[in-house]
Amino acid sequence: MHTAPLPRTTLHDASAHGSTDGSAFRRSRCPSAHAMIPTSPLLRSTGSGCVRRSAGGPRRRTVLAGGLASSMLLAACGPSSRSAETSNEVSFMFWGPAFYQEFTGEMVDAFAADKPEVDVSLQPSEWDGYWDKLATQVAGGTPPDVINMDGKYIAEYSGRGVLADLESLEGLDLSGLDSADLDAGRVDGVLTGLSTGSNAWVVVANPALFEKAGVELPDDTTWTWEDFAEIATAISDSGVATGMTGGASYADLTIFLRQKGEDLWAADGMGCTPESLAQWFQLYLDLQESGATLPADAAVEDSATALEQQAFSTGRSAMSWTWTNQLQSLRDAVGSDDDVVMLRPPSLSGSASENGLFKKASMYWSIAATSQNTEQSAQLVSFLVNDPKAQAIQLLNRGVPSDPAAIEAMGDALTATVHDVVDFLEAITPELADAPAVQPMGTADSQNTFTRLLTDVRFGTTTPQEAAEATIAEVNGMVTS
């Protein structure tokens, strides 16, 4: 059967990955660096703000010395660098900026100390170029054994038989993950991706601006979309700030549709009706026309601005939307932890249990179906997900794990903001329904369609109903099999 080629390029979903967007880390200047190197607030650091390297001299089983340049060299080597005589060698391909590559190497060092008989060959990469490299290896019949997978592509690679059924592998302990995390990695009922940790798409609010505007913070367990619009309009009318900015993402669209008993995705394309999608477009148009949010041109400009310069981050907006792993970056930008709080999304019914909120896997660990070392690969993935030593190194840079023991292992390294995120995700977990449907093959670029047609609605060049019908037709046309 003919199949379309695997994806080679994509636009980065900056809100979720924690890869190169600054969402899961702050930028600190290391004295020895030639550029701004991303360093996480969740990582232990030296006085200079640089990520602390592991002690004990050069690593025996991983080579990341020399910084990013050598990391990219390792990535370029690919599977051809494997030793044909080493039956226990596991190739491990993952993305992330320089400090991700550093702490992931430390995690693999800790694994090597426990499993000295397993050699791990690291293939790190920045987000840009990662999918090209992976697609090339898969097309050449030499995929890495352990693969860092993303929600945009898990259906692509699962549908082509690239990824193994993780529940069929010996040596992989899944007992610490809750059902929401496990379901997030299922494609057609088969577990092909193991969540590294979760985030949630939430409303953030600035209590100081609410107080200045004379508006009370809502009860986020009972507020509705009408309440949301009225609160945003009242704040804008006060002249203190714009009521709300941001959003307009597939994430709040998913939440909105789930409240209506629908889903963004189905196996053959979009899973919603044109009428429900049109109502989402109308929601943003109504917010704009009431003055609750920015005019069309200002909204487009704000969405294209770096997180730290956006209206909410600079105190010009009282509410916005974000992934929970961006909370520290927002608090840093606003200037005070007390000036940014998380709220559940509003709902149609006024019930938190019906607000459609979901936990999104930040990313996944997958194993190649054709791996010749599935047992050793499963041991590595099990270590990355479950072992306290691994969790103490990684912290929350790949999302919040559902296993309380993993969080406990992080100890005093967790900041007050991290505890806020953990507590929030713990509080919403009992309210969550089933995981959203997996994005089907070929639709990785669909967010651009949602954004473009919503922009047309905002500028008045098309109606919400016309935009909804055009969106469904265009996105369904992307689906491959």
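So, how was this worked out
Residues numbered from 1 in each chain as written. Predicted model: local features only at pLDDT ≥ 70, side-chain atom pairs only at ≥ 80, totals over all residues. Heavy atoms only, no water. Helix = DSSP H or I, 4+ residues; strand = E, 2+ residues; numbered from the N terminus. Buried < 20%, exposed > 50% of the residue type's maximum accessible area, 1.4 Å probe, protein only. Contact = heavy atoms within 4.5 Å. Areas by Shrake-Rupley, 256 points an atom, 1.4 Å probe, with all protein chains shown as cover. Axes fitted to C-alpha atoms, helices over the stretch in contact; angles between N-to-C directions. Parallel < 35°, antiparallel > 145°, perpendicular 65-115°, else oblique. Left-handed = near helix turned anticlockwise from the far one by under 90°. Nonpolar A, V, L, I, M, F, W, Y, C, P; charged D, E, K, R; others polar. Pairing = 2+ DSSP bridges. Expected span 1.5 Å × (residues − 1). Core = buried A, V, L, I, M, F, W, Y, C linked by side-chain atoms within 4.5 Å. Phe/Tyr/Trp six-rings, centres within 6.5 Å; stacked < 30°, edge-to-face > 60°. Lys NZ or Arg CZ within 6 Å of the ring centre and 35° of its normal. pLDDT = per-residue confidence, 0-100.

Peer 1: A description of the overall build of the chain should follow, citing residues and the corresponding values.
Peer 2: Summing up its helical and strand segments, the chain has 17 helices and 16 strands in all. By the burial criterion, 57% of the 481 residues in the chain qualify as buried. In the chain, once contacts between residues fewer than 6 apart in sequence are set aside, the share between residues at least 24 apart is 75%. A total accessible area of about 18,900 Å² is found for the chain, and carbon and sulfur atoms account for 51% of it.

Peer 1: Help me get a handle on the packing of helix H9 (residues 274-289) against helix H17 (residues 464-476), residues and values and all.
Peer 2: Each pair of packed helices can be described by the angle between their axes along with the distance between the axes. The N-to-C vectors of H9 and H17 enclose an angle of 125°; their axes lie 8 Å apart at closest approach. By the angle between their directions, the pair H9 and H17 is classed as oblique. Regarding H9 and H17, the two cross each other, and that crossing is right-handed. Residues Pro274, Glu275, Leu277, Ala278, Phe281, Gln282 and Leu285 of H9 form the contact with H17, whose participating residues are Pro464, Gln465, Ala467, Ala468, Glu469, Thr471 and Ile472. Its residues placed into classes, the contact of H9 with H17 shows nine nonpolar, three polar and two charged.

Peer 1: Which residues make up the pairing of strand E16 (residues 364-367), and what are the values?
Peer 2: Neither face of E16 is exposed, since Tyr364 and Ser366 on one face and Trp365 and Ile367 on the opposite face are all buried. Sheet topology note: the strand E5 (residues 146-149)/E16 ladder contains four bridges and is antiparallel. The residue bridging Asn148 from the neighbouring strand is Trp365, located in E16. The pairing of strand E8 (residues 194-195) with E16 spans two bridges and is classified as antiparallel.

Peer 1: Run through helix H7 (residues 225-238), naming residues and quoting values.
Peer 2: Spanning 14 residues, H7 covers 20 Å between terminal C-alpha atoms, matching the ideal 20 Å at 1.5 Å per step. The inward-facing, buried residues of H7 contact strand E9 (198-205), helix H6 (207-213), strand E10 (242-244), helix H8 (250-259), H9 and strand E13 (317-323).

Peer 1: Break down the nonpolar core for me, citing the residues and quoting the values.
Peer 2: With 72 residues, the main nonpolar core has Phe228, Met270, Leu277, Trp280, Phe281, Met319 and Trp321 as its most contacted residues. Residue contributions to this core peak at eight residues, all from H9. Those residues within four positions of Met270 in sequence are excluded, and the remaining contacts are Leu264, Trp265, Leu277, Phe450, Thr471, Ile472, Val475 and Asn476. In terms of nonpolar packing, the next biggest core, distinct from the first, is built from 55 residues, Val118, Leu177, Ala361 and Leu384 among them.

Peer 1: Account for the pairing of E9, naming residues and giving values.
Peer 2: Most of E9 sits out of view: eight of its eight residues are buried. Pairing geometry for E9 and strand E15 (residues 359-361), over three bridges, is antiparallel. In the sheet register, Asn199 faces E15, and the bridge partner there is Lys360. Pairing between E9 and E13: five bridges, direction antiparallel. Paired with Val202 across the bridge in E13 is Thr322. Here E9 runs beside strand E14 (residues 341-343); their pairing, made up of three bridges, is antiparallel. Within the sheet, the bridge partner assigned to Val204 lies in E14 and is Met342.

Peer 1: Tell me what's going on with the packing of aromatic side chains, and back it up with residues and numbers.
Peer 2: If you walk through the whole model with that rule in mind, you get 24 aromatic pairs. Residues Trp95 and Tyr130 carry aromatic rings whose centres are separated by 5.2 Å and whose planes lie at 75° to one another, so their mutual orientation is edge-to-face. With Trp95 in strand E3 (residues 89-95) and Tyr130 in helix H3 (residues 130-139), this pair connects stretches of sequence that are 35 residues apart. Residue Trp95 is classed as buried on the basis of its relative accessible area, which comes to 0%. Residue Tyr130 is classed as buried on the basis of its relative accessible area, which comes to 0%. A ring pair is formed by Tyr130 and Trp131, whose centres lie 4.9 Å apart and whose planes are at 85°; its orientation type is edge-to-face. Side by side, Tyr130 and Trp131 carry an identical accessibility label, which is buried. Positioned above the aromatic ring of Trp323, the side-chain terminus of Lys360 is 5.9 Å from the ring centre.

Peer 1: Describe the confidence of the model for the chain, and please don't skip the residues or the numbers.
Peer 2: Mean pLDDT over the chain works out to 84, with 82% of the residues at or above the 70 mark. Note on residues 1-5: pLDDT is under 50 here. Beyond four places in sequence and across chains, it has seven contacts. Every residue in residues 7-86 is under pLDDT 50, and counting partners more than four places away or in other chains gives 192 contacts.

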